[in-house]
Amino acid sequence: MKGLGAITGVGDAGISFRSGRPAIDLAAEAALEAVADAGLQLGDIDGLAVGKGGDLVPADRPSVELADYLGLTLTWTDTTLVGGVSPIVQIGHAAEAISAGRCRRVLVVYASAQATNRERSLGGQVRRPNHHVVSFERSSGLPFPIGPNALAAARHMWQYGSTSEQLSAVAQSDRAWAALNPAALRPTPLSTEEAASSPMICAPLRKVDCCLISDGAGAVVVEAAAAGAPRGVSIRGFAELHRQYSILSTADLLTTGACWTGPAALRQAGCTLADIGLLQVYDAFTILPIVLVENLGFAEPGCGGVLFAEGHTAPGGRLPTNTQGGGLAHCHPGFYGVFLVLEAVRQVRGETGARQVPDPRVALVQGAGGGAFGGSQATLVLAAE
Amino acid sequence: MSTDGMLRPIEVARCVGCGRYSWYPRAICTACGESTAPSPRYLTGQAYSVTEVFSASTEFAAQAPYEVALVDCTAGIRVLARTPGGLRIGADVMLGTLSVGERSNPIPFAHAIDDRRYADSHGKAIRHND
């Protein structure tokens with residue numbers, strides 16, 4: 001089957017709790033690695049997509065800034081900014097631009113040195129007080145982005161009887177995979193006792209329910225489906241949905257746009273859920289993957305936590321999930337979407353060593369973005385070419 | 001929180017054409033396109049979800065821990081509000097605002113309708129909305 005395009009190279013750089021380096025340096029290093037991985041030269045790149053990346057500033061023109069740094073001339077660029085899912089959306093847009101003949105080889109890059117710069121804390125970032133919409137969320141004292149996730153978790157527990165242990169099971173699954181990934185920043189196992197005694201941040205979410213705060217950069221090269229790259233991974237399906245900016249505008253926190261993007265991307269790929277051998281799902285907080293596996297159809301509504309608690313997502317399980325350790329145990333420099341894709345590509349290629357899934361067949365990548373509990377959603381379906 | 005404890009109306013926006021409410025306040029009604037006007041009122045609704053904040057941002061750190069609820073109002077809008085604590089999901093609530101300290105913007109505040117500590121506010125709210 002001919003895909004929408006192909007991911008022909010991937011790279012990352014600076015994944016650490018404190019790189020001590022500017023984000024633009026990390027971006028350039030990841031970009032060069034991805035270009036080399038694709039068997040290309042920098043001069044072959046004629047399209048560049050960069051979401052605003054923390055201190056990749058001045059971020060008013062982040063893609064032009066990075067193009068300048070790398071010495072690129074672009075016939076196409078994209079700075080779509082929809083939260084952590086941005087790099088996934090940009091990969092979809094890149095494939096479309098290549099199909100339309102606007103460019104031939106696109107780099108999608110994300111980088112942040114937010115840990116080095118101490119820009120984030122679990123209590124939430126201070127959002128701009130003069131921002132009209134945000135000021136009406138902020139007046140309550142709800143911290144962002146953890147607050148909307150905590151409200152979703154509390155509602156999920158009330159509505160379905162899910163438990164703190166099920167939330168912790170998501171982190172335990174990630175930690176078990178991270179133990180097999182030399183690049184993961186938190187590779188130690190998480191015991192049930194340790195999870196239960198972790199400090200409460202925003203009830204019912206504890207510190208172990210929160211993603212890491214790290215530096216890091218990721219880059220992807222997108223080319224046409226028939227580019228003939230020997231290690232290309234086919235983009236079989238892509239869908240995006242953007243529904244709310246503010247949590248005040250959510251209809252139901254437990255029904256995200258993934259209910260639509262998942263089936264739409266699978267339909268385009270000619271696949272069903274039964275074909276999926278690897279799930280890469282955004283996990284900024286433990287409640288998010290629980291809701292997303294329900295919305296995607298991997299679990300019945302209310303039963304997402306059971307999927308994790310019964311070990312189906314962990315090493316040896318029937319639905320290997322976030323095999324690099326996810327944002328909870330691998331790294332989380334902000335827009336984690338790009339790292340979800342990197343792992344999917346490496347798994348499909350069979351390059352992930354001890355954590356290699358025997359038959360990744362088709363990988364589904366689900367990204368979520370924005371402070372309104374995933375107000376932006378995108379699904380990418382990847383498979384061997 | 002330093003407050004006089006008086007529950008005051010919340011200034012939501014209301015469409016001058018179709019009467020639909022908006023929160024956050026929008027200048028234009030997204031249902032019919034007419035303009036809106038400020039409509040200070042007390043709201044009733046149900047607590048959709050409730051969280052207790054232990055680790056707050058710098059601005060609110062001194063007040064932690066405190067409780068925040070996402071309230072589904074019968075007026076068809078959702079409001080994030082502080083609570084007196086102990087509010088249960090699904091509870092029927094009354095919602096207004098509290099002035100806190102020197103802040104220019106009052107904080108939306110929701111309490112359970114059967115919370116006896118706020119019995120006085122009910123009559124006042126009904127009279128105001130009438």
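Residues numbered from 1 in each chain as written. Chains lettered and ligands numbered in written order. Predicted model: local features only at pLDDT ≥ 70, side-chain atom pairs only at ≥ 80, totals over all residues. Heavy atoms only, no water.

So, the interface of chain B and chain A
Let me state the cut-off plainly: Pairs of residues are marked as contacts when any of their non-hydrogen atoms sit within 4.5 Å. Values labelled buried area give the accessible surface lost by two parts on being combined, using a 1.4 Å probe and summing over both. By definition here, a salt bridge exists when the distance from a side-chain nitrogen of Lys or Arg to a carboxyl oxygen of Asp or Glu is within 4 Å. Throughout this description, a polar contact denotes any pair of N or O atoms lying within 3.5 Å of each other; where both atoms belong to protein, one of them has to be capable of donating a hydrogen while the other can accept it, and for residues adjacent in sequence the pair is counted only when both atoms sit in side chains. Numbering of helices and strands runs from the N terminus; a helix is a DSSP stretch of H or I covering at least four residues, while a strand is a stretch of E covering at least two. All residues other than Ala, Val, Leu, Ile, Met, Phe, Trp, Tyr, Cys, Pro, Asp, Glu, Lys and Arg, Gly among them, are scored as polar; the first ten of these are nonpolar and the last four charged.
Across the contact, 31 residues belong to chain B and 33 residues belong to chain A. The contact between chain B and chain A buries some 2,600 Å² in all, and 62% of this surface belongs to carbon and sulfur atoms. By the criterion of area lost to chain A, the three top residues of chain B are B:Tyr24, B:Tyr48 and B:Leu80, representing 25% of everything that side buries. Where chain B meets chain A, there are one salt bridge. Taken together, the connections running from chain B to chain A amount to 16 residue pairs in polar contact (both at pLDDT 80 or more). Mapped onto the side of chain B that touches chain A, the elements with two or more residues apiece are strand E4 (43-53), strand E5 (66-73), strand E6 (78-82) and strand E8 (107-112) of chain B. At seven residues, the largest contribution of residues to the side of chain B that touches chain A is made by E4(B). For the side of chain B that touches chain A, a count of residues per class yields 19 nonpolar, six polar and six charged.

Side note on the packing of aromatic side chains
Here the distance between the centres and the angle between the planes together describe a pair of aromatic rings. Note the following rule: Only centres within 6.5 Å qualify two rings of Phe, Tyr or Trp (six-membered ring in Trp) as a pair; their planes then separate them into stacked at under 30 degrees, edge-to-face at over 60, and tilted for everything else. Categorising residues by exposure relies on relative accessible area from a 1.4 Å probe, with only protein chains included: less than 20% of the type maximum marks a residue as buried, more than 50% marks it as exposed, and the intermediate range marks it as partly exposed.
According to the stated counting rule, one finds six aromatic pairs over all chains in the structure shown. Taking 4.9 Å as the distance between ring centres and 75° as the angle between the ring planes, the aromatic pair formed by A:Phe136 and B:Trp23 counts as edge-to-face. Linking A:Phe136 in helix H4 (residues 132-138) with B:Trp23 in the loop between strand E2 (21-22) and strand E3 (36-41), this pair reaches from one chain into another. Here A:Phe136 and B:Trp23 have matching classes, each one buried. Note on A:Tyr336 and A:Phe339: the rings are 5.5 Å apart at their centroids and 25° apart in plane angle, and the pair reads as stacked.

Comments concerning the nonpolar core
Residues and elements named next belong to chain A. We count it as follows: To define a nonpolar core, start from buried Ala, Val, Leu, Ile, Met, Phe, Trp, Tyr and Cys residues and group those joined through side-chain atoms within 4.5 Å.
Core analysis: the largest hydrophobic core is formed by 130 residues, its most contacted members being Val220, Val222, Val341 and Leu382. In terms of residue count, the dominant contributor to this core is helix H12 (residues 337-349) (eight residues). The next biggest cluster of nonpolar side chains, apart from the first, holds 26 residues, and it includes Ile24, Ala30, Ile45 and Leu72.

Points about the pattern of salt bridges
In this structure the tally under the stated criterion is 13 salt bridges over all chains. Each of the salt bridges in this network shares a partner with another, and the network as a whole consists of A:Asp37, A:Arg231, A:Arg349 and A:Glu351.

A look at the side chain of A:Asn322
Residues and elements named next belong to chain A. Along the chain, the position of Asn322 falls in the loop between helix H10 (304-309) and helix H11 (326-329). You can call Asn322 buried: its relative accessible area is 1%. In this structure, Asn322 is in contact with Asp174, Trp177, Leu279, Gln280, Val281, Asp283 and Leu340, ignoring residues within four places of it in sequence.

Looking at the environment of A:Gly216
Residue and element names in this part refer to chain A. Mapping Gly216 onto the fold places it in strand E7 (residues 215-223). Taking the relative accessible area as the measure of exposure, Gly216 reaches 0% and is therefore buried. Linking Gly216 and Asp78, residues 138 residues apart in sequence, is a C-alpha distance of 21 Å. Residue contacts for Gly216: discarding those within four places in its chain leaves Ala13, Gly14, Ile15, Leu26, Tyr110, Ala111, Ser112, Pro333 and Phe339.

So, the pairing of strand E1 (residues 10-15) of chain B
Residue and element names in this part refer to chain B. The condition is simple: We treat two strands as partners when DSSP finds at least two bridges between them.
Looking at chain direction, E1 and E3 are connected through six bridges and run antiparallel. The residue of E3 that forms the bridge with Arg14 is Ala37. Two elements, E1 and E2, share two bridges in a ladder whose sense is antiparallel. The partner of Ala13 across the bridge, within E2, is Ser22.

Points about the sheet that holds E2(B)
Spatial strand order, E2-E1-E3 (chain B): three strands in an open sheet with antiparallel pairing. Edge positions in the sheet fall to E2 and E3 of chain B, since each has one partner strand and no second.

Regarding unusual backbone geometry
Cis geometry marks the peptide bond from A:Ala203 to A:Pro204, where omega comes out at 5°. Of the consecutive residues B:Trp23 and B:Tyr24, the connecting peptide bond is found in the cis state with omega at -5°. Here B:Tyr24 shows up in the loop between E2 and E3. Phi is positive for A:Arg361, which is not a glycine, with a value near 40°.

Quick word on the sheet that holds strand E8 (residues 233-242) of chain A
All names here are of chain A. For clarity, the threshold we go by: Angles here are taken between N-to-C directions and fall from 0 to 180 degrees, while the axes themselves are lines fitted to C-alpha atoms, restricted in helices to the stretch in contact.
Pairing within the open sheet is mixed, and its nine strands lie in the order E3-E2-E4-E7-E1-E8-E11-E10-E9. Whereas interior strands pair on both sides, the edge strands pair on one side only; in this sheet they are strand E3 (76-78) and strand E9 (276-281). The average undirected angle you get between the axes of adjacent strands in this sheet is 20°. Two elements, strand E10 (residues 362-369) and strand E11 (residues 376-384), share eight bridges in a ladder whose sense is antiparallel. Residue Gln366 lies in a different strand from E11, and its bridge partner there is Thr379. Helix-sheet contacts for helix H1 (residues 23-37) involve strand E1 (5-16), strand E4 (106-112) and E7, and the interaxial angle to E1 is about 140°. Along the sheet face, helix H8 (residues 258-269) touches E8, E9, E10 and E11 and points at about 150° away from the line of E8.

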